[in-house]
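# Geometric and topological summary
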Protein chains: 2
Amino acid sequence: MKLAPNEFEMEHQITYYECDPAGVVTPGMLINMIVLVSERQSDALKIGTQVVNDNGGGWVITNYEINITDLPKIDETVFLGTRATSYNRYFAFREFWVRDQSSHKYAHVAGMFVFMEFASRKMAKIPAAIIDPYHSTEVKRIPRIKNPAAIDTDEAISTNQYRVRYFDIDSNRHVNNAHYFDWMLDVLGAEFLKTHMLKKMNIKYAREVRYGQMVNSLATAPEQDETNGYLMTKHEIKVDEVLTTQANCWWIDRS
Amino acid sequence: MKLAPNEFEMEHQITYYECDPAGVVTPGMLINMIVLVSERQSDALKIGTQVVNDNGGGWVITNYEINITDLPKIDETVFLGTRATSYNRYFAFREFWVRDQSSHKYAHVAGMFVFMEFASRKMAKIPAAIIDPYHSTEVKRIPRIKNPAAIDTDEAISTNQYRVRYFDIDSNRHVNNAHYFDWMLDVLGAEFLKTHMLKKMNIKYAREVRYGQMVNSLATAPEQDETNGYLMTKHEIKVDEVLTTQANCWWIDRS
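Okay, so let's go over this structure. Just so it is clear, the structure is predicted and the values come from calculations on it, not from any experiment.

## Considering the interface of chain A and chain B
At the junction of the two partners, chain A supplies 47 residues and chain B supplies 47 residues. The junction of chain A with chain B conceals about 4,100 Å² of combined surface from both sides, 55% of it contributed by carbon and sulfur atoms. Here chain A is connected to chain B by two salt bridges. A salt bridge links R40(A) to D75(B); the nearest nitrogen and oxygen atoms lie 3.2 Å apart. At the junction of chain A and chain B, the tally comes to 19 residue pairs in polar contact (both at pLDDT 80 or more).

See below:
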């Protein structure tokens, strides 16, 4: 496939430990894979984590929108792709995809990133040195990723507690993204997860979860969404009643 | 590297989500990787899981002995290797290694496997059809992997509870091996894990842990082992007071 200057792809063979009991990539591992390809692109352009940190801060993800056609299976070789689509003063919009060798697209993910300054611990203007090499397009109006709807106070919820473990922290020194997905979706239970397939997910990260904390994962019962006919679930991750992550998921029957 | 007929290797590039905060492969992921190469060998020889199941049972791991020189780092391309070393009527002894491109050996793992018959739910004679293609050596006396020492009743222990999650089950439809390691080692705490490196581990699987169960992970405080000068910790995984997994770990300072 011909790639644009702002695009990057890598091959990846799916391992059994990236798959669920049905032999299909888990949503958490899908996110791990797309972060992997964007890290490889940054490294290839010599603007990896170290260089970003040397510019006084770090990239922080605020939102993902995930759209799934279907997901690759164990042993398959896929292409992970990413594109630094556009950016403005404060926001960088990036797209990701997973495709097979005949360009069937398994999944598309849109992500919004900000640059968090170490000194102020606040969002800051994105330094030119860490954005220019991507050949991303500078824009006035950045595409918007829809925030997930919150759980209403009168909605029935399921909830589970999870402990943040040492090995949940990956080499980025943050709780690995996959674990947020595992906490959020595990609450729905094996029966639901076995019989349903995730088609779409919006996720918003508000606060970071840290090692040793106990997280509460809340989920609503699946309800039909009239706009697309999918089953919808709403999710929240809280630490001591403080909201850290919010998501909406849309599902179809696996059969 | 020239491989014997009973040997098999594959290349693997280390991802960030296989690494700990120091950017080094986690013990759990090391085991995932060596199981991966043995599955690829079995598939290449057309005696993968489906064929084994068609012979009326499945391979079950009883013990591992893990010896670590050091562990590969994020982005490194390594070779995962395995050898179907020897077998007798009931036991199959297999070795695994992880090496770099100049044959520096990161880790060596020995594993003992039995064939569990579905009908009787017991260990049974290994069918010729699923062992012959490995070119393993039939022996009278199979090498022994030392069982870990149990935690004595008077030893002080740390303990944590962990919930077995849906996404802990991998495409082999069992709790993924890495999670046993995460449960066992997490109890030691971030401070110890940050400052110590695992050198050796003996692990014995007695009973399977299942989805939805709460596991208790018990660990003794690190104590000097006079025989090798390493710090030693003893580990047990229990479900409702029933022992499922036992291990001993030996550690050195990371510095």
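## Topic: the environment of A156(B)
Residue and element names in this part refer to chain B. Its place among the elements puts A156 in the loop between β7 (137-138) and β8 (157-163). Judged by relative accessible area, which is 60%, A156 ranks as exposed. Placed 62 residues apart in sequence, A156 and L218 show a C-alpha to C-alpha distance of 9.8 Å. In contact with A156, other than residues within four places in its own chain, are A219, T220 and A221.

## Re the packing of helix α1 (residues 27-44) of chain A against helix α4 (residues 177-186) of chain A
All names here are of chain A. Where α1 contacts α4, the axes come no closer than 8 Å and their chain directions differ by 160°. As far as their axial angle goes, α4 and α1 are roughly antiparallel. Taken as a pair, α1 and α4 cross one another with a handedness that is right-handed. Across the interface between the two elements, P27, G28, M29, I31 and N32 of α1 pack against N177, A178, F181 and L185 of α4. Its residues assigned to classes, the contact of α1 with α4 shows six nonpolar, three polar and no charged.

## Things to note about the relation of the copies chain A and chain B
The two chain copies are connected by a rotation around an axis plus a translation along it. Of the two same-sequence chains, chain A is brought onto chain B (RMSD 0.0 Å, axial shift 0.0 Å) by a rotation of 180°. Look at the turn and shift together and you get a two-fold axis relating the two. Using C-alpha coordinates, one finds that chain A approaches the rotation axis most closely at Y162(A), a distance of 3.9 Å. A share of 100% of the interface residues of chain A reappears at the interface of chain B, consistent with the copies meeting face to face through the same patch.

## Structural notes on unusual backbone geometry
Trans is the prevailing form of peptide bonds, just as negative phi is the prevailing case for residues other than glycine. All names here are of chain B. Of note, the phi angle at D75 is positive, near 80°, even though the residue is not glycine. In this structure, D75 sits in the loop between β2 (57-68) and β3 (77-87). Despite not being glycine, D240 shows a phi value in the positive range, around 50°. With respect to the helices and strands, the residue D240 is situated in the loop between β12 (231-239) and β13 (242-253).

## Let's talk about the environment of P133(B)
All names here are of chain B. Examined against the element boundaries, P133 turns out to sit in the loop between α3 (128-131) and β7. Classification of P133 as partly exposed rests on a relative accessible area of 26%. Sequence separation between P133 and A119 is 14 residues, and the spatial gap between their C-alpha atoms is 24 Å. Setting aside residues no more than four positions away along its own chain, P133 makes contact with L45, I47 and A128.

## Regarding the pattern of salt bridges
Residue and element names in this part refer to chain A. Following the criterion strictly, the structure yields 20 salt bridges over all chains and no others. A salt bridge links E95 to R83; the shortest N-O distance between them is 3.0 Å. Highlighted residues: E95 in strand β4 (residues 91-99) and R83 in strand β3 (residues 77-87), separated in sequence by 12 residues. Of the charged contacts in the structure, one is a salt bridge between K238 and E236, with a shortest N-O distance of 3.9 Å. With a relative accessible area of 6%, E236 lands in the buried category. Among the charged side chains, a salt-bridge network with shared partners connects E7, R83 and E95.

## Some words on the packing of aromatic side chains
By the definition in use, this model includes 20 aromatic pairs over all chains. Between the aromatic rings of Y64(A) and Y205(A), the centroid separation amounts to 6.2 Å while the plane-to-plane angle is 80°, which identifies the pairing as edge-to-face. Of the two residues, Y64(A) sits in strand β2 (residues 57-68) while Y205(A) sits in strand β9 (residues 196-205), which places them 141 residues apart along the sequence. The buried category is assigned to Y64(A), whose relative accessible area is 2%. Owing to a relative accessible area of 12%, Y205(A) belongs among the buried residues under this scheme. On the numbers, 6.2 Å between centres and 90° between planes, the contact of Y166(B) with Y211(B) is edge-to-face. Of this pair, Y166(B) sits in the loop between β8 and α4 (177-186) while Y211(B) sits in the loop between β9 (196-205) and β10 (214-220); the two residues are 45 residues apart in sequence, bridging distant segments of the chain.

The rules we used
- Per chain, residues are indexed from 1 in the order of the written sequence.
- Chains and ligands are labelled by the order in which they are written, letters from A for the one and numbers from 1 for the other.
- Two thresholds apply to this predicted model, a pLDDT of at least 70 for residue-level local features and 80 or more for giving and counting side-chain atom pairs, whereas whole-chain, interface and lining totals are computed over all residues.
- With hydrogens and water set aside, each side-chain value is computed from the structure's full complement of heavy atoms.
- Whether two residues touch is decided by their heavy atoms; if any such pair falls within 4.5 Å, the residues are in contact.
- Note on terms: buried area is the combined drop in 1.4 Å-probe accessible area of two parts once they are placed together, counting the loss on both.
- Salt bridge, as applied in this entry: a Lys or Arg side-chain nitrogen positioned within 4 Å of an Asp or Glu carboxyl oxygen.
- Here a polar contact is recorded for every N or O atom pair within 3.5 Å, except that within protein the pair must consist of a potential hydrogen donor and a potential acceptor, and residues adjacent in sequence are included only if both atoms are side-chain atoms.
- A run of H or I in DSSP becomes a helix once it reaches four residues, and a run of E becomes a strand once it reaches two; helices and strands are each numbered from the N terminus.
- For every residue, the accessible area (1.4 Å probe, protein chains only) is compared with the maximum for its type, and the residue is labelled buried under 20%, exposed over 50%, or partly exposed between those bounds.
- The axes used here are C-alpha line fits, helices contributing only the stretch in contact, and every angle between their N-to-C directions lies in the interval 0 to 180 degrees.
- Under this scheme an angle from 65 to 115 degrees is roughly perpendicular, one under 35 degrees roughly parallel, and one over 145 degrees roughly antiparallel; angles in between are oblique.
- For a crossing to be left-handed, the near helix must be turned anticlockwise from the far one by less than a right angle; the clockwise case is right-handed.
- Classes in brief: Ala, Val, Leu, Ile, Met, Phe, Trp, Tyr, Cys and Pro nonpolar; Asp, Glu, Lys and Arg charged; the others, Gly included, polar.
- The fit set for superposing copies consists of C-alpha atoms from residues with pLDDT of at least 70 in both; the fit itself is least squares.
- For this analysis, a ring pair means two rings from Phe, Tyr or Trp (six-membered ring only for Trp) whose centres lie within 6.5 Å, classed as stacked if their planes differ by under 30 degrees, edge-to-face if by over 60, and tilted for the remaining angles.

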